[in-house]
There are 4 protein chains.
Amino acid sequence: MTPRHDPALKSFASDNYAGAHPDILRAVAEANGGHQTAYGDDVYTEALQGVFQRHFGRQAHAWPVFNGTAANVISLRSMTAHWEAVICADSAHIHTDEGGAPEVTGGIKLLTVPTPDGKLTPELIDREAWGFGDVHRAQPRVVSISNSTERGTVYTPDEVAAICAHAHGLGLLVHLDGSRLTNAAAALDVPMRALTTDAGVDVLSFGGTKIGMLYGEAVVVLNPSAAKGIDYLRKSFMQLSSKMRFVSAQFEALLSGDLWLRNARQANAMGRRLAAAVRDIPGVEVSRPVQANAVFATLPRDVVERLQKRFRFYTFDEARGEVRWMCSFDTTEADVDAFAAAIAEELA
Amino acid sequence: MTPRHDPALKSFASDNYAGAHPDILRAVAEANGGHQTAYGDDVYTEALQGVFQRHFGRQAHAWPVFNGTAANVISLRSMTAHWEAVICADSAHIHTDEGGAPEVTGGIKLLTVPTPDGKLTPELIDREAWGFGDVHRAQPRVVSISNSTERGTVYTPDEVAAICAHAHGLGLLVHLDGSRLTNAAAALDVPMRALTTDAGVDVLSFGGTKIGMLYGEAVVVLNPSAAKGIDYLRKSFMQLSSKMRFVSAQFEALLSGDLWLRNARQANAMGRRLAAAVRDIPGVEVSRPVQANAVFATLPRDVVERLQKRFRFYTFDEARGEVRWMCSFDTTEADVDAFAAAIAEELA
Amino acid sequence: MTPRHDPALKSFASDNYAGAHPDILRAVAEANGGHQTAYGDDVYTEALQGVFQRHFGRQAHAWPVFNGTAANVISLRSMTAHWEAVICADSAHIHTDEGGAPEVTGGIKLLTVPTPDGKLTPELIDREAWGFGDVHRAQPRVVSISNSTERGTVYTPDEVAAICAHAHGLGLLVHLDGSRLTNAAAALDVPMRALTTDAGVDVLSFGGTKIGMLYGEAVVVLNPSAAKGIDYLRKSFMQLSSKMRFVSAQFEALLSGDLWLRNARQANAMGRRLAAAVRDIPGVEVSRPVQANAVFATLPRDVVERLQKRFRFYTFDEARGEVRWMCSFDTTEADVDAFAAAIAEELA
Amino acid sequence: MTPRHDPALKSFASDNYAGAHPDILRAVAEANGGHQTAYGDDVYTEALQGVFQRHFGRQAHAWPVFNGTAANVISLRSMTAHWEAVICADSAHIHTDEGGAPEVTGGIKLLTVPTPDGKLTPELIDREAWGFGDVHRAQPRVVSISNSTERGTVYTPDEVAAICAHAHGLGLLVHLDGSRLTNAAAALDVPMRALTTDAGVDVLSFGGTKIGMLYGEAVVVLNPSAAKGIDYLRKSFMQLSSKMRFVSAQFEALLSGDLWLRNARQANAMGRRLAAAVRDIPGVEVSRPVQANAVFATLPRDVVERLQKRFRFYTFDEARGEVRWMCSFDTTEADVDAFAAAIAEELA
């Protein structure tokens, strides 16, 4: 079989458009052969706990799942009783991009708050953190934040810590949607635990897919008293991989060395390079701070249309004429330069 | 990195203990590199429809998902209204081994029927196919069967056709849990469509993992009028893979040639070989017909205990002292012979 | 307005066909007028706790709800985590007559056991009480029994105690569907607490409607550590009555004196009278023990058809030609005698 | 038994604090006695369809349920597939006051829109009516409005018609939460069908409790093609009353003559009287238009505290010092005058 696609083609649509890093494929191949106990009782998954603990502390425990929506829903359900609700930004992936999975499948009510930049603050949390003990109000129990955010911004360790302190003071728990946690840590040049365990985050959805795995995310419990039943929830929510060794081997390849960091740095650097390259092109305006691997920009609609015939990317806000350009671990300087040149060309 | 495990070790515990066939890994590697549209709009997933249609007919449409529990729950939910129920054998995987996912996550009531051999019949279906129009009774809407069954037996095309005709006559639809459909077709030496489309099955959960994929199953709609909303259900049930090209490429490797058939024949042949090898060992009784890749047997408890220290396999029925030995696509004659020798040794 | 119906007409179809006892209507009228805090913070609901505690002990707490299905689902959900399951007889109302509410609305898997007479035993419970800690199996957590049962039989205090001891020994909780608990207690001439609190039952669905209320049942927690979140579950399961004073006033009228007992004794006595009256009519066979207010009998199909034109009652088992005759608190000796005479006539 | 409460005491907390109108109690008493088929096959429920059709047109069909939360959730679920969502004001009762029932029990995602006055408009609907066909977005399917609103405002027939036309043009259906529809119709002096059927509303939750019933609301389908499965949904959502004759008899008493209108006019008139009485008291500001039976006002916090010791009412917005005073069908001129006098006194 020859590939059906042209491996030279890149896009700026999403870090999900990229494939897997070669080291990831190699780890999968090495984990192959012979028999391993199914459903997670294999040596790769056993070893995985140590790998996650080196990043997130001794108390951390990771449950590999298939995808990010599932990591989020299982995390949130493990932290809540039947009637409890989750406060999040109205730009949160759990609210906007998961097909209603938290409500439809998890039965979890989301209490959303508008934000200027995708980031919650203690003050913004307070808009929905009320009504405790009132049966008429779905009971707030968890604050969920994303880092890096769906708006390309990054919470600092201090900002996360302030949110956690505030939430805990109200009797709330904190969940972090870390589908791009690696990008956030790389952007700030801090260890991942500075943005999670050390800041007080209780449960983390850790993202592997966007940063170079074939598939695979993990629910990582950082505060053991904050979550329960994940073994069972993972199964009943249809996320227990039978041949789990292959998920775990990918995570080990990503996290035991610095592959995660190299990949994240590359994606972030390409984001910065792209922003710098277009900033001076007349007719383009970089519309949001470029803090990780996403660049948001406005440019004329006809230009967008022409450009989209040459490169894949998404219009983010139709009304504002705003587009999103996302860089990946496999985006190269040449890819960025060619794209920037095309933008300049179309605007000339 | 060197592998953490010994690739020479085999077990008789489950076809999920096996890894992936080398051709599957090769297909994943070939699908890698460059960017492909995420969430299923890639060239591999596009090509997949033709692959499935060659097996299941022009009207077939496949939706790749991560695992078998999900394929079942999405299939069943796509066939039912909110209040409709599913008739199945009380040995069905959806009832016994999915952590309650159909009820807990799908909100689907199962109406279970005891069977002697894991196989439903029109008569057995009638035990639960009643009460139509009575709001007090969860409304039967789907009959779900497994082929090969959880008891190692196989439905013939005529048996499936009789069930479908009976079900359709009652206004019911038919779902087939085909996590081992390949084994059933290979055992009967019939094309898969003889057991599905041609027999009248409406929706199929097609199993890829147990027959040599890393991960991946598919909801395959054979009767387009029988199911709705699978695009949305797959997303809200958290089963939409972002890098779907890798699932689809595996399916193509499995199904475009005869890899599926070779793998299934090998597993089945090893099941027969094992049954033949132990049948004359005093103290072992093969307790069920060996029709696919599973061998059920009874033998003394202390022997089971000693054997399980040498080879992994499951006790199936503690009370009866019955064990299950499952063969895989990668089980070799040498594996079987060594195991049979060990059984003989322990019983000597 | 004159009544649309003939208040002289009675049936033997169900104790739900009866209206309300006059004392119940009087209590509703007395609770009317002026304003009372909605949603349960009224003086009638406050007083209700004492009323229930006199029957069920100091530790008991009652939550009025609208109907029996809801009392059951809220009880069961309050006793289980998201992934936990309930063991019940396959004749249980929660399995056969609630439109799938436990699964569809509650997301609760039922593990059903066939019984000869609608009654579970420790041995029967063991058929489904296994697999603890195995994520593939929905985790058994509650045993649910009905008293009196859907087959007209009654558990004795010793039988309930044996079930509770066995269940608790396995780490399971016990729920009692007491939609006809009053009938059971009256039949055995024991206080209701002998069949509940004293026998070890953890949570009770207490039935008011069938024994003479307009509407209203209650979740009664007998073991405070066995249930949680009922205040919230009642609201999110849509069972929080705004004008709750009217439910509570009915319960008080029923339970503060002996109205419940008089009503139950009358219904039971009429069941016995009916059984006695038909036992010697050739062609009728009383098919099950008559222990409360239900009489099951077999008689020729054409006779059933003719009788059903004169009196409303249900065919219970079409195949066996078995019918169910249910007596109510308002069934009189004259009603029974007229019915028995009609049966004799049709069989003559 | 003497009443436990003082029937002379009134409040301004909620129209749920009132009891039942005497005509309602009389209807219940008349429907009592003898046997009627349970679960809705009684003569009162049969007659009810004609009653509702006189108000809402020949095509209307009503399903009585116990309470308003249930009427809403059943309505919305009957209009949506598993993955479809509902657009509503962020002040909607379904979002703010139902303990998360739509999401937790119904599995329905709400897409909320801020409004100045509790009223949606075509423009406001458009903020969430997008993403059709995108599996990542919970699919908008229903627009739900309340009339009168939770802010005391009233939609005119033209406003409802504009919303319906806009929604239908987008392929959306319209649900009306009519827990106070009677108040809205009375306020505008139009028949209820002008605000519902004639304006294009598809499904209505009709409120009986707040306007003088003991309990009881109804799902009323105005467009038969807009909803399905309500018979089954009502049962599985635990809202099928066994002795339904008593709910239906109340509705008949309310709706067959003009009791609903007299009650609504009285409540509205008392709202206007209260607003007029306090408007000139220095220190009170009527903070929202008084269009039905609710009065919103701001006044000093210490005054609120002192007043709440004398009369029950709710603080609506703690931050703004805004209170809500709700009038009922049984609020009298003397009640209003005494309350207004107390307000003046406390502010003097």
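1. Considering the sheet that holds strand 8 (residues 285-286) of chain A
Residues and elements named next belong to chain A. Sheet architecture is open: 4 strands sit in the order 8-9-11-10, paired in antiparallel fashion. If you trace the sheet from one side to the other, it starts and ends with strand 8 and strand 10 (314-317), each paired once. By the bridge criterion, 3 bridges tie strand 10 to strand 11 (residues 322-326) in an arrangement that is antiparallel. Looking at the pairing, Thr 315 lines up with Val 323 of strand 11.

2. Regarding unusual backbone geometry
For the bond from Asn 147 of chain A to Ser 148 of chain A, the omega torsion is -5°, close enough to zero to count as cis. Mapped onto the elements of the fold, Ser 148 of chain A is located in the loop between strand 4 (139-146) and helix 7 (157-169). Despite not being glycine, Asp 189 of chain D has its phi angle at roughly 55°, a positive value. By the element assignment, Asp 189 of chain D lies in the loop between helix 8 (181-188) and strand 6 (203-207). Look at Met 238 of chain D: it is not a glycine, yet its phi comes out positive at around 70°. Here Met 238 of chain D shows up in the loop between helix 9 (230-236) and helix 10 (245-255).

3. Let's talk about the domain arrangement of chain A
Residue and element names in this part refer to chain A. For chain A, the domain assignment lists domain 1 (22-255) and domain 2 (259-347). A C-alpha centroid distance of 28 Å is found between domain 1 and domain 2. On the side of domain 2, 20 residues touch domain 1, which itself brings 24 residues to the contact. Buried surface at the junction of domain 1 and domain 2, both sides included, amounts to about 1,700 Å², of which 58% is carbon and sulfur. Applying the counting rule to domain 1 against domain 2 returns 1 salt bridge. Taking the shortest distance from any N to any O, the salt bridge between Asp 189 and Arg 265 comes out at 3.2 Å. In this assembly, domain 1 and domain 2 are joined by 6 residue pairs in polar contact (both at pLDDT 80 or more). Contributing elements (two or more residues each) for the side of domain 1 that touches domain 2: helix 1 (22-30), helix 8 (181-188) and helix 10 (245-255). Among the elements that take part in the side of domain 1 that touches domain 2, helix 8 stands out by supplying 5 residues, more than any other. Split into classes, the residues belonging to the side of domain 1 that touches domain 2 amount to 11 nonpolar, 7 polar and 6 charged.

4. Considerations on the interface of chain C and chain A
Taken residue by residue, the interface counts 19 residues in chain C and 19 residues in chain A. At the junction of chain C and chain A, the tally comes to 0 salt bridges. The element best represented in the side of chain C that touches chain A is helix 9 (residues 230-236) of chain C, accounting for 5 residues. Tallied by class, the residues present in the side of chain C that touches chain A amount to 7 nonpolar, 7 polar and 5 charged.

5. Here we look at the interface of chain D and chain C
Taken together, the 61 residues of chain D in the interface contact 61 residues of chain C. Sorting the residues of chain D by area buried against chain C places His 35, Met 238 and Lys 243 of chain D first, and these three jointly supply 16% of that buried surface. At the junction of chain D and chain C, the tally comes to 2 salt bridges. Across the salt bridge formed by Arg 4 of chain C and Glu 252 of chain D, the nearest N and O atoms sit 2.6 Å from each other. At the boundary of chain D with chain C, the tally comes to 48 residue pairs in polar contact (both at pLDDT 80 or more). Of all elements in the fold, only helix 1 (22-31), helix 2 (43-56), helix 3 (68-79), helix 5 (101-104), helix 9 and helix 10 of chain D reach the threshold of two or more residues within the side of chain D that touches chain C.

6. So, the packing of aromatic side chains
What the rule picks out here adds up to 64 aromatic pairs over all chains. Seen from their ring centres, Tyr 17 of chain C and Tyr 314 of chain C are 6.2 Å apart, and the 85° between their planes marks the pair as edge-to-face. You can see Tyr 17 of chain C sitting in the segment before helix 1 (22-31) and its partner Tyr 314 of chain C sitting in strand 10 (residues 314-317), a full 297 residues away along the chain. Arranged with centres 6.1 Å apart and planes meeting at 50°, the rings of Phe 206 of chain C and Phe 251 of chain C form a pair that is tilted. With a gap of 45 residues between them, Phe 206 of chain C in strand 6 (residues 203-207) and Phe 251 of chain C in helix 10 (residues 245-255) connect regions that are remote in the sequence. Pair check on accessibility: Phe 206 of chain C and Phe 251 of chain C agree, each one buried. Linked through ring pairs, Phe 12, Phe 311, Phe 313, Trp 325 and Phe 339 of chain A together constitute an aromatic cluster.

7. A closer look at the pattern of salt bridges
Enumeration according to the criterion identifies 76 salt bridges over all chains in this entry. With a closest N to O distance of 2.9 Å, Lys 119 of chain B and Glu 159 of chain B form a salt bridge. Of the two residues, Lys 119 of chain B is situated in the loop between strand 3 (110-113) and helix 6 (122-126) and Glu 159 of chain B in helix 7 (residues 157-169); the sequence distance between them amounts to 40 residues. Residue class for Lys 119 of chain B comes out buried when judged on its relative accessible area of 12%. Residue class for Glu 159 of chain B comes out partly exposed when judged on its relative accessible area of 32%. Across the salt bridge formed by Glu 322 of chain C and Arg 288 of chain C, the nearest N and O atoms sit 3.0 Å from each other.

What counts and how
Residues numbered from 1 in each chain as written. Chains lettered and ligands numbered in written order. Predicted model: local features only at pLDDT ≥ 70, side-chain atom pairs only at ≥ 80, totals over all residues. Heavy atoms only, no water. Pairing = 2+ DSSP bridges. Helix = DSSP H or I, 4+ residues; strand = E, 2+ residues; numbered from the N terminus. Domains from an automatic or database assignment. Contact = heavy atoms within 4.5 Å. Buried area = accessible area lost by both parts, 1.4 Å probe. Salt bridge = Lys/Arg side-chain N within 4 Å of Asp/Glu carboxyl O. Polar contact = N/O pair within 3.5 Å; in protein donor to acceptor, adjacent residues only side chain to side chain. Nonpolar A, V, L, I, M, F, W, Y, C, P; charged D, E, K, R; others polar. Phe/Tyr/Trp six-rings, centres within 6.5 Å; stacked < 30°, edge-to-face > 60°. Buried < 20%, exposed > 50% of the residue type's maximum accessible area, 1.4 Å probe, protein only.

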